[in-house]
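# An overview of the molecular structure
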Amino acid sequence: MAAHPGALGVPALKKLAPYQPGKPIAELERELGISNIIKLASNENAWGPSPAVLQALTAALPDIWLYPDGSCHDLKQALSTRLGVELDCLTLGNGSNDLLVLLAEAFLSPTSNALYSQYGFAYYPLVTLATGAEAREIPALSLDSAMPLGHDLAAMCAAVDANTRLIFIANPNNPTGTWVSPDELLAFIDGVPDTALVVLDEAYLEYGRLMGAQDAVSWVKERPNLVLLRTFSKAYALAGLRVGYAISHPEVANALNRLRPAFNVNSLAQVAATAAFQDPAYLNRVMQQSVHEVRRLQQGLADLKLRTIPTAANFVLTHFGSGASRIYERLLQGGLIVRPVGGYGLPEYLRISIGKPADNDRLLQQLARSLSL
Ligand SMILES: *Cc1c(COP(=O)(O)O)cnc(C)c1O
């Protein structure tokens, strides 16, 4: 028997570190023995899902002894109808992270590479390195540019070579909140050689649409090398159920479907996502309130003399300087969880997700106190 069975793992393991999620509420409760904790750390939607979702879930509960519909028929049908895309362009995933893994497995190998921006979403290097492919991080725009810490599309374009298979772009991006202008994005996509796929991660699209970011769905039909990723975890408030989807050329969807475990999206997730997607009025109402709160939070942070990075998403990347981790700890002591981003190379910043109005009030009050200590 091997004394160190871990050493039997594939070489890529040495390059990987586990993804570090935001601190769960229950964990802080255990640590501090306090209640009334607010989590503004994982860009979840505190308004929660539409009441129609809870109703649909209740109705579906007795059927959980059955395997889910592996083809996700009802959800795909709803998406296809409302988005105006063919059924064979859709792939469902256990969250969009699942689709990132499938894309990497389908298109990367030890002889290819994938590109993403500095301060891009942490899953891009993870899924890339797991395949043995080269991960190319392209320096972001400088702090004094028009979109500080944003994607440098010109530099990304210049870094593409014949072995580049995937280019990951989050628009808006996490953890920065930055976005790329529609014109520049389209020019970038059209300039990429057809040996590479552009994976446009629109996890925050529903917020971004209201704040200047492009909805790229109409671009997919004409562009076989464009793949869009969407999720029900953020605006639709279903992070705990894990559903996301890709919109792509049918041949890309076919490739993903070959690798996809048949039951990767569970039955309750399918039911909830379908109901959520079919209640656009609720979504719109929550998005309006959310954007209002983002603007209010930005103003509140500015009033505290804190620099923030421009955002088109439901969070604000905020500069605290060398005291960032001290402020993080002080907020935790007061029952408020925000997100340190040292792992992204941004140790002087904290990422603050927006909450409901009372949550944001409490955050701003506690911040004012923490800053004056
Ligand atoms: C939150 C997030 C996702 C969504 O992940 P799920 O697996 O769908 O929960 C995808 N991309 C980015 C950039 C995100 O911030």
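Parameters and conventions
- Residues numbered from 1 in each chain as written.
- Predicted model: local features only at pLDDT ≥ 70, side-chain atom pairs only at ≥ 80, totals over all residues.
- Heavy atoms only, no water.
- Salt bridge = Lys/Arg side-chain N within 4 Å of Asp/Glu carboxyl O.
- Buried < 20%, exposed > 50% of the residue type's maximum accessible area, 1.4 Å probe, protein only.
- Helix = DSSP H or I, 4+ residues; strand = E, 2+ residues; numbered from the N terminus.
- 1 Å grid on protein atoms, 1.4 Å probe; cavity = no way out; pocket = protein on both sides within 12 Å on 5 of 7 lines; lining within 4 Å.
- Points joined across faces, edges and corners; volume = space filled by probe spheres on them.
- Nonpolar A, V, L, I, M, F, W, Y, C, P; charged D, E, K, R; others polar.
- Contact = heavy atoms within 4.5 Å.
- Polar contact = N/O pair within 3.5 Å; in protein donor to acceptor, adjacent residues only side chain to side chain.
- Axes fitted to C-alpha atoms, helices over the stretch in contact; angles between N-to-C directions.
- Parallel < 35°, antiparallel > 145°, perpendicular 65-115°, else oblique.
- Left-handed = near helix turned anticlockwise from the far one by under 90°.
- Pairing = 2+ DSSP bridges.

Where charged atoms from two side chains of opposite charge approach closely, those side chains can pair. Scanning the entire structure with this criterion turns up eleven salt bridges. Across the pair Glu31 and Lys23 runs a salt bridge whose closest N-O atoms are separated by 3.1 Å. By relative accessible area, which is 16% here, Lys23 ends up buried. Between Asp361 and Arg296 there is a salt bridge whose closest N-O contact spans 2.8 Å. A residue pair is termed long-range when its members are at least 10 positions apart, and Asp361 in helix H14 (residues 357-372) and Arg296 in helix H12 (residues 280-303) qualify at 65 residues. Relative accessible area serves as the criterion here: at 32%, Asp361 is assigned to the partly exposed category. Several salt bridges share partner residues, and in doing so they unite Glu202, Arg209, Asp215 and Arg230 into one network.

Inspection of every chain in the model, using the stated rule, returns one cavity of 30 Å³ or more. By volume, the largest cavity is sized at about 60 Å³. Around the largest cavity, the lining residues are Asn45, Gly48, Pro49, Ser50, Val53, Ala235, Tyr236, Ala276, Asp279, Tyr282, Leu283 and Val286. Sort the elements by how many residues they give to the lining of the largest cavity and H12 lands first, with three residues. Here the residues of the lining of the largest cavity are counted per class, giving eight nonpolar, three polar and one charged.

Here we come to the side chain of Lys76. Residue placement: Lys76 occurs in helix H3 (residues 73-83). Those residues in contact with Lys76 that sit more than four places away from it in its chain are Ser71, Leu87, Leu90, Leu92 and Asn257.

What follows concerns helix H11 (residues 267-277). Counting buried positions along H11 yields eight of eleven residues, so the element is predominantly enclosed. Of the residues making up H11, those classed as buried are Ala269, Gln270, Ala272, Ala273, Thr274, Ala275, Ala276 and Phe277. Where H11 is buried, its residues contact helix H2 (51-60), H3, strand E8 (244-247) and H12. Taking the backbone nitrogen of Leu268 as reference, a side-chain oxygen 3.0 Å away marks Asn266 as the first, capping residue of H11.

Next up on the list: the packing of helix H13 (residues 324-333) against H14. In the contact formed by H13 and H14, the axes pass within 10 Å of each other and the chain directions differ by 125 degrees. Judged on the interaxial angle alone, H14 and H13 are oblique. As H13 runs across H14, the sense of the crossing is right-handed. Residues Ile327, Arg330 and Leu331 of H13 pack against Leu363, Gln366, Leu367, Ser370 and Leu371 of H14. Across the contact of H13 with H14, the residue classes tally to five nonpolar, two polar and one charged.

A separate point is the sheet that holds strand E5 (residues 164-170). Each strand in a sheet pairs with its neighbour through backbone hydrogen bonds, running either in the same direction (parallel) or in the opposite one (antiparallel). Strand order in the open sheet made by the seven strands is E2-E8-E7-E6-E5-E3-E4, with mixed pairing throughout. In this open sheet, the two edge strands, each paired with only one partner strand, are strand E2 (90-93) and strand E4 (134-138). Pairs of neighbouring strands in the sheet enclose a mean axial angle of 20 degrees, with direction left out of account. Pairing of strand E7 (residues 226-231) with E8, which is carried by four bridges, proceeds in the antiparallel orientation. By the bridge assignment for E8, Leu229 is matched with Ala246.

Bringing the sheet that holds strand E9 (residues 307-308) into the picture now. Across the sheet, four strands lie side by side as E9-E10-E13-E12; this open sheet has antiparallel pairing. Of all the strands in the sheet, the pair left with one neighbour each is E9 and strand E12 (339-340). As defined by bridge partners, E12 adjoins strand E13 (residues 349-353) across two bridges and the pair is classed as antiparallel. If you follow Arg339 over to E13, its bridge partner there is Arg351. Those strands touched by H12 are E9, strand E10 (315-319) and E13, and its axis lies near 10 degrees from that of E10.

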